[in-house]
Amino acid sequence: MKQVEANPGHSQWYIERFRQLAAAGEDIVGEARLIDAMVSRGSRVLDAGCGPGRNAGYLHAVGHGVLGVDVDPALIGAAREDYPGPEYVVSDLAEMDLPAHGITEPLDAILCAGNVMAFLAPSTRTEVLRRFAAHLAEDGRAVIGFGAGRGYSFQDFFDDAAAAGLVPQLRLSSWDLRPFTEDSEFLVAVLGKRAS
């Protein structure tokens, strides 16, 4: 919510940016293609911080049951308009309670792209990751990507993930599967639930 309140014009700019990129034929769904490759057809997928719906729309179109969640009603409105099909919910990820929305089945995958983790209030980051873990199936995976230099170090993220019951299964430096190194400026972390 912090980002929405701090910059109310950002939502419309963001919506238009992705509409223009799509109209120009740019690849705007690389994150979703990675998720699609990781799960079976018909999987239950959450697009956490879905924005205007580009990834949720793609995942729905290729046959998954998709829920998009974002705190910004303007972005959810654009998602419903531009990418109908998935279910969309306006919710703060730190307060996300899917059973309250009638979604009781655990998730096969959670996608959290677009630097969402870095936009969260620092006090809510571990809680968001806890809620991801709580909604995942036992063998489900959360795939989270964000860039360096955004006030959230990669090590702090992994510490928060561990506190939330999530363990890294794979570390990448891009959505196109480049390996993560100590010099990487971007992280794509594939996380699973810690074995009980």
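How each quantity is defined
- Residues numbered from 1 in each chain as written.
- Predicted model: local features only at pLDDT ≥ 70, side-chain atom pairs only at ≥ 80, totals over all residues.
- Heavy atoms only, no water.
- Helix = DSSP H or I, 4+ residues; strand = E, 2+ residues; numbered from the N terminus.
- Rg over C-alpha atoms; globule rule 2.2 N^0.38 Å.
- Buried < 20%, exposed > 50% of the residue type's maximum accessible area, 1.4 Å probe, protein only.
- Contact = heavy atoms within 4.5 Å.
- Areas by Shrake-Rupley, 256 points an atom, 1.4 Å probe, with all protein chains shown as cover.
- Lys, Arg positive; Asp, Glu negative; His and termini not counted.
- Charge placed at Lys NZ, Arg CZ, Asp CG, Glu CD.
- Phe/Tyr/Trp six-rings, centres within 6.5 Å; stacked < 30°, edge-to-face > 60°.
- Lys NZ or Arg CZ within 6 Å of the ring centre and 35° of its normal.
- Core = buried A, V, L, I, M, F, W, Y, C linked by side-chain atoms within 4.5 Å.
- Polar contact = N/O pair within 3.5 Å; in protein donor to acceptor, adjacent residues only side chain to side chain.
- Pairing = 2+ DSSP bridges.
- Axes fitted to C-alpha atoms, helices over the stretch in contact; angles between N-to-C directions.
- Salt bridge = Lys/Arg side-chain N within 4 Å of Asp/Glu carboxyl O.

*Asks:* Would you mind showing me how to read the overall build of the chain here?
*Replies:* When helices and strands are tallied, the chain shows eight helices and seven strands. On C-alpha atoms alone, the chain measures out to a radius of gyration of 16 Å, which is about the 16 Å that the 2.2 N^0.38 rule sets for 196 residues. Counting only C-alpha atoms, the chain reaches 40 × 35 × 30 Å along its principal axes. A total of 196 residues make up the chain; the buried ones form 48% of that total. For the chain, the share of sequence-separated contacts (at least 6 apart) that also reach a separation of at least 24 residues comes to 65%. On the chain, roughly 9,200 Å² of surface is accessible, and the fraction owed to carbon and sulfur atoms is 50%. Computing the positive centroid from 17 side-chain charges and the negative centroid from 27, the chain places the two 2 Å apart.

*Asks:* I keep staring at the packing of aromatic side chains and nothing clicks. Help me out?
*Replies:* Overall, the coordinates contain eight aromatic pairs when judged by the stated rule. Look at Phe146 and Phe157: their rings are 5.3 Å apart centre to centre, the planes differ by 70°, and that puts the pair in the edge-to-face class. You can see Phe146 sitting in strand β5 (residues 136-147) and its partner Phe157 sitting in helix α8 (residues 154-163), a full eleven residues away along the chain. Here Phe146 falls in the buried class, since its relative accessible area comes to 0%. Relative to Phe158, the ring of Phe157 lies with its centre 5.2 Å away and its plane at 65°, an arrangement referred to as edge-to-face. For the residue pair Phe157 and Phe158, the accessibility class agrees, reading buried in each case. Ring pairing ties together the aromatic residues Phe146, Tyr152, Phe154, Phe157, Phe158 and Phe180, which thus form one cluster. A cation over an aromatic ring shows up here: Arg125 above the ring of Tyr152, its NZ or CZ 3.9 Å from the ring centre.

*Asks:* How do you make sense of the nonpolar core when you look at a structure like this?
*Replies:* Within soluble globular proteins, side chains that are nonpolar generally end up buried alongside one another. Membership of the largest hydrophobic core comes to 34 residues, with the highest contact counts inside it found for Met117, Leu129, Phe132, Ile144 and Phe157. Contributions of two or more residues to this core are made by β1 (44-48), β2 (65-70), β4 (107-112), α6 (116-119), α7 (125-135), β5, α8 and β7 (186-193). Residues within four places of Leu129 in sequence aside, it is in contact with Met117, Ile144, Tyr152, Phe157, Asp160, Ala161, Ala164 and Leu166. Counting 27 residues, the second largest nonpolar core, distinct from the first, contains Phe18, Val45, Leu75 and Leu111.

*Asks:* Teacher, can you tell me more about the side chain of Arg54 here?
*Replies:* Tracing the sequence through the fold places Arg54 in helix α4 (residues 54-61). Only 2.5 Å separates the side chain of Arg54 from the backbone oxygen of Ile28, close enough to count as a polar contact. Within the structure, the side chain of Arg54 is placed 2.9 Å from the side chain of Glu31, a separation counted as a polar contact.

*Asks:* Just to check I follow, could you spell out the sheet that holds β1 for this structure?
*Replies:* As a general point, the strands of a sheet are linked pairwise by backbone hydrogen bonds and lie either parallel or antiparallel. Read from one edge of the open sheet, seven strands run β3-β2-β1-β4-β5-β7-β6, paired in mixed fashion. A strand with exactly one partner marks an edge of an open sheet, and here the two such strands are β3 (87-90) and β6 (166-172). Strand-to-strand twist in this sheet, taken as the mean axis angle between neighbours without regard to direction, amounts to 20°. Note: β6 against β7, six bridges, orientation antiparallel. In the sheet register, Val167 faces β7, and the bridge partner there is Gly192. Strands β1, β4, β5 and β7 of the sheet are contacted by helix α3 (residues 30-38), whose axis makes an angle of about 160° with β4. Running at roughly 10° to β7, α8 makes contact with β5, β6 and β7 of the sheet.

*Asks:* Please explain the side chain of Asp70 as it appears in this structure.
*Replies:* Its place among the elements puts Asp70 in strand β2. An unpaired buried charge is present at Asp70: no salt bridge exists, and Arg54, the closest side chain of opposite charge, is 9.8 Å distant. One polar contact links the side chain of Asp70 to the main-chain amide nitrogen of Gly51, over a distance of 2.8 Å. A distance of 2.9 Å separates the side chain of Asp70 from the backbone nitrogen of Asp72, its partner in a polar contact. Asp70 has contacts with Gly49, Cys50, Gly51, Leu75, Ile76, Val89, Val90 and Ser91, leaving out every residue within four places of it along the chain.

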